[in-house]
Amino acid sequence: MNKSLIYKYPILYRLIMVGLYGPAYFRRFGELGAYIENDSSIVDLCCGFGDFYTYALRDKNIKYKGVDLSEEFAVYAIKKGIDVQRGNIENYEFPSADYYTMIGSLYHFQNPQEIISRMLVASRKKVLIMEPIRNLTNSKYKIISKLSRHLTNEGNNHNDFRFSEQTLDEFMNRNLKNNIIEAKNIAGGRDKIYILENR
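Per chain, residue numbering runs from 1 following the sequence as it is written. Owing to the predicted nature of the model, reporting of local features is limited to residues with pLDDT of at least 70; listing and counting of side-chain atom pairs is limited to 80 or more, with chain, interface and lining totals taken over all residues. Here the side-chain values reflect all heavy atoms present in the structure, with hydrogen atoms and water set aside.

### Concerning the pattern of salt bridges
Which entries qualify depends on this criterion: Any carboxyl oxygen of Asp or Glu that lies within 4 Å of a side-chain nitrogen of Lys or Arg is treated as forming a salt bridge with it. Here a helix means four or more residues in a row that DSSP labels H or I, a strand means two or more in a row labelled E, and each is numbered from the N terminus. Classification of residues uses two cut-offs on accessible area relative to the type maximum, computed with a 1.4 Å probe and protein chains only: under 20% is buried, over 50% is exposed, and between them is partly exposed.
Counted according to the given criterion, the structure contains 8 salt bridges. Lys192 serves as the salt-bridge partner of Asp169, at 2.9 Å between the closest nitrogen and oxygen. Linking Asp169 in helix H7 (residues 165–175) with Lys192 in strand S7 (residues 191–196), this pair joins segments that are 23 residues apart in sequence. Of the charged contacts, one joins Glu197 and Arg199 as a salt bridge, the two residues approaching to 3.3 Å between their closest N and O atoms. Arg199 sits in the exposed class, given a relative accessible area of 58%. The structure contains a network of salt bridges with shared partners spanning Glu165, Asp169 and Lys192.

Here is the structure:
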């Protein structure tokens, strides 16, 4: 399946996300960024075009590295002066960094536990996961669900599953219970943050 137009046009992506989240789209970056200490290094996986850096980290003297599958997103970020490279996370060699983050992308992976485990090994401090738990893809209305799956296809063919709060909590507690420091809902209950550490 070809990737959706929203992954080809960064401005369209942002407009749709702001339409879904309202002002909480930007606030949620600040809530997650509050866990990142000044003068730290961070690798942001599935970073899009670097909005997390733009709206939460730019003034914290952060050594930032973003990685995203979308070439269009990476090029857009680079033009904005943000260090983003195009890469497939499943084949990416994770460098050491103080923090690893992933925002709204865990559902893309067939084996998310493996991805998070690699993040934990590579992080010196913490791993921050922020995942949507209220999704139009899970709508009881088939037309809305089908349209949402089409619009959010990143071109990796892993597109049918989305987490709910229950399934995300079950996944985290089943696979990463000993690594969890904190978990909380944000953005009016649309997203959930998990803070993890390698221990």
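### Section: helix H5 (residues 112–122)
Worth spelling out the cut-off: Contact criterion: two residues are considered in contact whenever any of their non-hydrogen atoms come within 4.5 Å of each other.
Those residues of H5 that sit buried are Pro112, Ile115, Ile116, Met119, Leu120 and Ala122. Where H5 is buried, its residues meet strand S1 (41–45), strand S4 (97–103), strand S5 (123–132), H7 and S7.

### Looking at the side chain of Asp98
Stated precisely, the cut-off is as follows: Whenever a nitrogen or oxygen atom comes within 3.5 Å of another N or O atom, the pair is scored as a polar contact, on the condition that within protein one atom can donate a hydrogen and the other can accept it, and that pairs from neighbouring residues in sequence are kept only if both atoms are in side chains.
Checked against the element boundaries, Asp98 lands in strand S4. A distance of 3.0 Å separates the side chain of Asp98 from the side chain of Arg124, its partner in a polar contact. Apart from the residues lying within four places of it in its own chain, the contact partners of Asp98 are Ser40, Ser41, Ser123, Arg124, Lys125 and Lys126.

### So, helix H2 (residues 24–33)
Among the residues of H2, those classed as buried are Ala24, Tyr25, Arg28, Phe29, Leu32 and Gly33. Against the buried residues of H2 lie helix H1 (10–21), helix H3 (51–57), S4, S5, strand S6 (180–186) and S7.

### Notes on a nonpolar patch on the surface
Spelled out, the test is: Patch definition: residues above 30% relative accessible area lacking any salt bridge, with like charges linked at up to 9 Å and the nonpolar side chains Val, Leu, Ile, Met, Phe, Trp and Tyr linked at up to 5 Å. The method behind every accessible area is Shrake-Rupley, applied with a 1.4 Å probe, and residues are considered shielded solely by the protein chains displayed.
A cluster of nonpolar side chains, contributed by Tyr9, Leu12, Ile16 and Leu20, occupies part of the molecular surface with about 330 Å² of accessible area. In this structure, Ile16 sits in helix H1.

### Section: the packing of aromatic side chains
Going by this rule: Pairing of aromatic rings covers Phe, Tyr and Trp, the last counted by its six-membered ring, and requires centre-to-centre distances within 6.5 Å; plane angles under 30 degrees mean stacked, over 60 mean edge-to-face, and any other angle means tilted. Charge-over-ring contacts are defined here by two conditions on Lys NZ or Arg CZ: a distance within 6 Å of the ring centre and an angle within 35 degrees of the ring normal.
Summed over the entire model, instances satisfying the criterion amount to 14 aromatic pairs. An angle of 85° between the planes, with centres 5.9 Å apart, marks the rings of Tyr13 and Phe49 as edge-to-face. Here Tyr13 is found in helix H1, whereas its partner Phe49 is found in the loop between S1 and H3, with 36 residues between them in sequence. As far as burial versus exposure is concerned, Tyr13 and Phe49 are alike and both buried. Grouped by ring-pair contacts, the aromatic residues Tyr21, Tyr25, Phe26, Phe29, Phe52 and Tyr55 constitute a single cluster. The ring centre of Phe29 lies 5.0 Å from the NZ or CZ of Arg28, which sits over that ring.

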